[in-house]
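# What the coordinates show
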Amino acid sequence: MTFQNVKTESINVNGTKFHYRKLGDSNEIPVIFLNHLGATLDNCDPRIIDGIASKHQIIAFDNRGVGATEGTTPITIAEMAKDARAFIHALGYEKVDLMGFSMGAFIIQEILLQEPELARKVIMTGTGPAGGKGIKDVTKITYLDMFRGFLTYRDPKFYLFFNQNENGKKAAKEFLARIKERTENRDKNMRLRSFTNQLKAIHAWGLQAPQDLSVIKQNVLIANGDNDRMVPSINTHDLAKRITNSELIVYKDAGHGGIFQYHEGFVKKALEFLAS
């Protein structure tokens, strides 16, 4: 069983049906994966999910209003975090490891502030803190690269996640091919309203006052590329400085999708971190 063919399951969360995929042998503490802006289950990198699942059970899910999950997507990161917590508890877990990319890691920060005892270890990638430099510009950058994608017949992630040099373009093509490997029982497409609500939430996150992240006591692994256009890489360094028990990895010659470009090294490091 791999992420390419694992079945999609659903669970009732306070009257709303949430959809998720679970991979790997069951263990006491699963890894809960929270994904990026505009992402459904089919946008998870199968090499990363399969890699983590080789040692841990990992659960990826569509939050409220995303993909096949019912409901309306909230317009704040804090509300998304409440939905994520409700999903985790509906599955019966009181302690989990959290892993998130981009907006998913924004949500993780809120989870850690709302219910710190829920998380054992945390991995945050391609992300930054509330009020971080340039985060309020994600909407503008996203629409610009969506237009570039339209003009060039490319997925916007080709531009949003990767440097536009030889290495970046190669990594982009490989990543975009990987997320198309699943051909049967794919997720529902992202709804326009859900996408715009996520953009509103990210914009508000970029404008809000900085949070006190010194209260986060978990061990946290933080990673990004050295040239992130969406969430400028300086935010990743700031995040690491403000979280006491953090470890920082910066991938050279990589953009927002650094963990996808260096997926083999990232999976190895993530497994070592989770096992330590």
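In what follows, the accompanying structure is described. Residue positions are counted from 1 within each chain, in the order its sequence is given. In view of the model being predicted, local features appear only for residues whose pLDDT reaches at least 70, and side-chain atom pairs are presented and counted only at 80 or more, with totals across whole chains, interfaces and linings using the full set of residues. The basis for every side-chain value is the complete set of heavy atoms in the structure, and neither hydrogens nor water enter the calculation.

## Side note on the overall build of the protein chain
To qualify as a helix, a DSSP run of H or I must reach at least 4 residues; to qualify as a strand, a run of E must reach at least 2; elements of each kind are numbered from the N terminus. Per the secondary structure count, the protein chain includes 10 helices and eight strands. Here the C-alpha atoms of the protein chain give a radius of gyration of 17 Å, agreeing with the 19 Å that 2.2 N^0.38 yields for 276 residues. The buried label goes to any residue with under 20% of its type's maximum accessible area, the exposed label to any with over 50%, and the partly exposed label to all in between, with areas taken from a 1.4 Å probe on protein chains only. When each of the 276 residues of the protein chain is scored for burial, the buried share is 57%. Pairs of residues are marked as contacts when any of their non-hydrogen atoms sit within 4.5 Å. Contacts in the protein chain between residues at least 24 apart in sequence constitute 73% of all its contacts with a sequence separation of at least 6. Residue-level accessible areas treat just the shown protein chains as cover; the underlying method is Shrake-Rupley with a 1.4 Å probe. For the protein chain, the exposed surface amounts to about 11900 Å²; the carbon and sulfur share of it is 51%. Note that His is not counted, nor are the chain ends; the positive residues are Lys and Arg, and the negative ones are Asp and Glu. To locate a charge, take NZ of a lysine, CZ of an arginine, CG of an aspartate or CD of a glutamate. One finds the centroid of the 36 positive side-chain charges in the protein chain at a distance of 4 Å from the centroid of its 31 negative side-chain charges. The atom set for the radius of gyration is the C-alpha atoms, and the globule formula is 2.2 Å times the number of residues raised to the power 0.38.

## As for helix 1 (residues 46-53)
With six of its eight residues buried, helix 1 lies for the most part within the structure. Each polar contact in these results corresponds to two N or O atoms within 3.5 Å; when the atoms are within protein, one needs to be able to donate a hydrogen and the other to accept it, and residues that are neighboring in sequence are counted only if both atoms are side-chain atoms. N-capping of helix 1 is provided by Asp-45, with a side-chain oxygen placed 3.0 Å from the backbone N of Arg-47.

## Some details on empty space enclosed by the protein
Only protein atoms enter the 1 Å grid used here, on which a cavity is any set of points holding a 1.4 Å probe that cannot leave and a pocket is any open set flanked by protein within 12 Å on both sides along at least five of seven lines; residues with an atom within 4 Å of a point are listed as lining. Grid points are joined across faces, edges and corners, and a volume is the space filled by probe spheres set on the points. Scanning the entire structure with this criterion turns up three cavities of 30 Å³ or more. Lining the largest cavity are 20 residues; nearest its centre among them are Asn-35, Ala-39, Phe-61, Asn-63 and Val-66. Looking at the lining of the largest cavity, the elements that each hand over two or more residues are strand 3 (31-34), strand 4 (58-61) and helix 3 (103-114). Put simply, the second largest cavity is a space of about 70 Å³. Residue lining of the second largest cavity: Phe-3, Gln-4, Arg-21, Leu-41, Asp-42, Cys-44, Pro-46, Arg-178, Ile-179, Glu-181, Arg-182 and Arg-186, and that is the complete set.

## Details of the nonpolar core
The tendency in soluble globular proteins is for nonpolar side chains to be buried side by side. Counting residues in hydrophobic clusters, the biggest one holds 88 residues, and the most contacted among them are Leu-34, Ile-58, Phe-87, Leu-98, Met-99 and Ile-107. Ranked by residue count, the leading element in this core is helix 3, at seven residues. Every residue in contact with Ile-58, bar those within four places of it in the chain, is listed here: Arg-21, Lys-22, Leu-23, Val-31, Phe-33, Ile-49, Ile-52, Ala-53 and Met-99. Nonpolar cores were defined as sets of buried Ala, Val, Leu, Ile, Met, Phe, Trp, Tyr and Cys residues, with membership established by side-chain atoms within 4.5 Å.

## Some points on the pairing of strand 4
In strand 4, alternate side chains face the same way, and those of Ile-58 and Ala-60 on one face and Ile-59 and Phe-61 on the other are all buried. A pair of strands is considered paired only if DSSP assigns at least 2 bridges between the two. Looking at chain direction, strand 2 (residues 16-23) and strand 4 are connected through four bridges and run antiparallel. Each residue of the ladder has a partner; that of Arg-21, found in strand 4, is Ala-60.

## Topic: a nonpolar patch on the surface
Nonpolar side chains (Val, Leu, Ile, Met, Phe, Trp, Tyr) within 5 Å and like charges within 9 Å form the patches, drawn only from residues with over 30% relative accessible area and no salt bridge. Just to be clear on terms, a salt bridge is a Lys or Arg side-chain nitrogen sitting within 4 Å of an Asp or Glu carboxyl oxygen. Taken together, the side chains of Phe-147, Phe-150 and Leu-151 make up a nonpolar region of the molecular surface, amounting to roughly 370 Å² of accessible area. Relative to the helices and strands, Phe-150 is located in helix 4 (residues 138-152).

## What about the layout of surface pockets?
Rolled over the atoms, a probe with the dimensions of a water molecule shows which regions are left empty. Roughly 610 Å³ of volume is contained in the largest pocket. Around the largest pocket, the lining comprises 28 residues; the ones closest to its centre are Gly-38, Asn-43, Asp-155, Lys-157 and Met-190. Contributing elements (two or more residues each) for the lining of the largest pocket: helix 4, helix 5 (157-160) and helix 7 (192-207). The element that contributes the greatest number of residues to the lining of the largest pocket is helix 4, accounting for three residues.

## What about the packing of helix 1 against helix 10 (residues 263-275)?
Note on geometry: axes are lines fitted to C-alpha atoms, helical ones only across the stretch in contact, with angles between N-to-C directions running from 0 to 180 degrees. Following both chains from N to C, one finds helix 1 and helix 10 inclined at 30°, their axes separated by 10 Å at the closest point. Between helix 1 and helix 10, the interaxial angle falls into the category roughly parallel. Classified by chirality, the crossing of helix 10 by helix 1 is right-handed. Counting all contacts with helix 1, which are made through Arg-47, Ile-48, Gly-51 and Ile-52, the residues of helix 10 involved are His-263, Phe-266, Val-267, Ala-270 and Leu-271. When grouped by side-chain class, the residues that make up the contact of helix 1 with helix 10 number six nonpolar, two polar and one charged. By the definition adopted for this analysis, an angle is roughly parallel if under 35 degrees, roughly antiparallel if over 145, roughly perpendicular if from 65 to 115, and oblique otherwise. Should the near helix be turned anticlockwise from the far one by less than a right angle, the crossing is left-handed, and should it be turned clockwise, the crossing is right-handed. Residue type decides the class: Asp, Glu, Lys and Arg count as charged, Ala, Val, Leu, Ile, Met, Phe, Trp, Tyr, Cys and Pro as nonpolar, and the leftover types, Gly among them, as polar.

## Examining the side chain of Asn-35
Note that Asn-35 resides in the loop between strand 3 and helix 1. Setting aside residues no more than four positions away along its own chain, Asn-35 makes contact with Thr-40, Asn-43, Cys-44, Phe-101, Met-103 and Gly-104.

## A closer look at the packing of aromatic side chains
For Phe, Tyr and Trp, rings pair up if their centres lie within 6.5 Å, where Trp contributes its six-membered ring, and each pair is then called stacked (planes under 30 degrees apart), edge-to-face (over 60) or tilted (otherwise). Counted by the stated rule, this structure contains 13 aromatic pairs. When the ring of Phe-18 is compared with that of Phe-87, the centres are 5.9 Å apart and the planes differ by 20°; the resulting orientation is stacked. Within this pair, whereas Phe-18 is found in strand 2, its partner Phe-87 is found in helix 2 (residues 77-90), the two being separated by 69 residues in sequence. We classify Phe-18 as buried; its relative accessible area is 0%. An aromatic cluster of at least three residues, connected via ring pairs, comprises Phe-101, Phe-161, Phe-162, Phe-175 and Phe-260. Here, a charge over a ring means that NZ of Lys or CZ of Arg falls within 6 Å of the ring centre while also lying within 35 degrees of the ring normal. The positively charged end of Lys-121 is found above the aromatic ring belonging to Phe-273, 5.1 Å away from the centroid. For the cation-ring pair, Arg-154 lies above Phe-158, with the distance from its terminal atom to the ring centre recorded as 4.0 Å.

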